[in-house]
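# Architecture and fold: a report
Each chain, written out:
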Amino acid sequence: PKGARAEVAALENTISQVATQPRRSEEPVLVLSRPSRGAAGSFAALWTAAQADLAAGYAGSRHLTAPAGGHYVHRDQRDWFVASVRGFVASLD
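Residues numbered from 1 in each chain as written. Predicted model: local features only at pLDDT ≥ 70, side-chain atom pairs only at ≥ 80, totals over all residues. Heavy atoms only, no water.

## Considerations on the overall build of the protein chain
- Looking only at helices and strands, the protein chain features five helices and two strands.
- Starting at the N terminus and walking to the C terminus, you meet the elements of the protein chain as α-α-β-α-β-α-α.
- Overall size of the protein chain, expressed as C-alpha extent along the three principal axes, is 40 × 30 × 25 Å.
- In the protein chain, which comprises 93 residues, the share counted as buried stands at 18%.
- Look at the contacts in the protein chain between residues 6 or more apart in sequence, and 63% of them connect residues 24 or more apart.
- For the protein chain, the exposed surface amounts to about 6800 Å²; the carbon and sulfur share of it is 57%. (Helix = DSSP H or I, 4+ residues; strand = E, 2+ residues; numbered from the N terminus. Buried < 20%, exposed > 50% of the residue type's maximum accessible area, 1.4 Å probe, protein only. Contact = heavy atoms within 4.5 Å. Areas by Shrake-Rupley, 256 points an atom, 1.4 Å probe, with all protein chains shown as cover.)

What follows is the structure, encoded as structure tokens:
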């Protein structure tokens, strides 16, 4: 699709922008991911590694992976998603 092509075309620029942003380690961060179904070196595997790297840049962050689901994990695994966010927010108090 046209939108997906534009997103892929902008990916290198997006990666550069993210890489230059300072990480504020005191900020609580929750990264929620879908399960990776890709072989080593695939886009899915690289995306999963990037999400783990993002979470690793923040002290006390949490990186959780849904038990199932696809790109729209917030819809595919709604109960897991809501429980994960609620648990994270509750841990901030």
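## Quick notes on the packing of aromatic side chains
- Scanning all chains against the criterion turns up zero aromatic pairs.
- Above the face of the Tyr72 ring, Arg75 is positioned so that its terminal group lies 4.3 Å from the ring centre. (Phe/Tyr/Trp six-rings, centres within 6.5 Å; stacked < 30°, edge-to-face > 60°. Lys NZ or Arg CZ within 6 Å of the ring centre and 35° of its normal.)

## Thoughts on the layout of surface pockets
- A volume near 400 Å³ is recorded for the largest pocket.
- Lining the largest pocket are 13 residues, with Ile15, Val18, Trp47, Ala50 and Gln51 positioned closest to its centre.
- Listing elements by their share of the lining of the largest pocket, those giving two or more residues are α2 (11-20) and α3 (43-56).
- The element contributing the most residues to the lining of the largest pocket is α3, with seven residues.
- Grouping the amino acids of the lining of the largest pocket by side-chain chemistry returns nine nonpolar, two polar and two charged.
- Taken as a whole, the second largest pocket encloses approximately 310 Å³ of empty space.
- What lines the second largest pocket is a set of 13 residues, and nearest its centre among them are Glu7, Arg34, Phe43, Trp47 and His71.
- When contributions to the lining of the second largest pocket are tallied by element, the ones reaching two or more residues are α1 (2-9), β1 (30-33) and α3. (1 Å grid on protein atoms, 1.4 Å probe; cavity = no way out; pocket = protein on both sides within 12 Å on 5 of 7 lines; lining within 4 Å. Points joined across faces, edges and corners; volume = space filled by probe spheres on them. Nonpolar A, V, L, I, M, F, W, Y, C, P; charged D, E, K, R; others polar.)

## Looking at empty space enclosed by the protein
- A full pass over the atoms with the stated rule returns one cavity of 30 Å³ or more.
- Estimates place the volume of the largest cavity at around 30 Å³.
- Together, Ser33, Arg34, Pro35, Ser36, Ala44, Trp47, Thr48 and Gln51 line the largest cavity.
- Per-element accounting of the lining of the largest cavity gives the leading share, four residues, to α3.
- Here the residues of the lining of the largest cavity sort into three nonpolar, four polar and one charged.

## What about the pairing of strand β2 (residues 62-65)?
- Sheet analysis places β1 next to β2, joined by four bridges and oriented parallel. Across the sheet, Ser33 pairs through a bridge with Thr65, a residue of β2.
- Taken together, β1, α3 and β2 form a β-α-β motif whose crossover is right-handed. (Pairing = 2+ DSSP bridges. Right-handed = clockwise from strand over helix to strand, strands pointing away.)

Keep in mind that these numbers describe shape and distance, not what the molecule does.
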